[in-house]
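Letter by letter, the chains look like this.
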Amino acid sequence: MGFHLPGIIRASFQAASKAVEVRKGYLAVYVGDKMKRFVIPISYLNQPSFQELLSQAEEEFGHDHPMGGLTIPCLEDTFLDLISRLNGQ
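Note that this is a predicted model, so its numbers are computed, not measured. (Residues numbered from 1 in each chain as written. Predicted model: local features only at pLDDT ≥ 70, side-chain atom pairs only at ≥ 80, totals over all residues. Heavy atoms only, no water.)

1. Things to note about unusual backbone geometry
Heads up, the condition is: To qualify as a helix, a DSSP run of H or I must reach at least 4 residues; to qualify as a strand, a run of E must reach at least 2; elements of each kind are numbered from the N terminus.
Of note, the phi angle at Met35 is positive, near 50 degrees, even though the residue is not glycine. Counting through the fold element by element, Met35 comes out in the loop between strand S2 (26–31) and strand S3 (36–41).

Okay, structure coming up:
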């Protein structure tokens, strides 16, 4: 069920005791109210639009992210729209 965007891997949240591996060249982030986990290419970190999200995360969470990984403070739909645009470049 659902859809797949090239370059983004969606994974369900797993308990902290279960380590979920992230392939080399990718980064796990948590997005939205439900803190859904996404695995994205690290190349997105250089994109100005993604850096804006990182600035928002820094303002809101500093270096203390509640999920133990990078938490992005935006709606899931907004994040998916951004990733879709980055995939199209």
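2. Quick word on the environment of Lys24
Here Lys24 is to be found in the loop between strand S1 (9–11) and S2. The spatial distance from the C-alpha of Lys24 to the C-alpha of Ile42 is 9.1 Å, given a sequence separation of 18 residues.

3. Things to note about the nonpolar core
Operational definition: As used here, the term nonpolar core means buried Ala, Val, Leu, Ile, Met, Phe, Trp, Tyr and Cys residues forming a set that is joined through side-chain atoms within 4.5 Å. Only protein chains enter the accessibility calculation, which uses a 1.4 Å probe; a residue is then buried when its area is under 20% of its type maximum, exposed when over 50%, and partly exposed in between. Here, residues are in contact when the closest pair of their heavy atoms is within 4.5 Å.
Counting residues in each nonpolar core, the largest one holds 14 residues, and the members touching the most others are Phe50 and Phe79. For this core, the secondary-structure elements that each account for two or more residues are S2, S3, helix H1 (48–61) and helix H2 (76–87). Per-element tally for this core: the top contributor is H2, with five residues. Non-local contacts of Phe50, meaning those with residues more than four positions away in its chain, are made with Ile40, Tyr44, Leu45, Ile72, Phe79, Leu82, Ile83 and Leu86.

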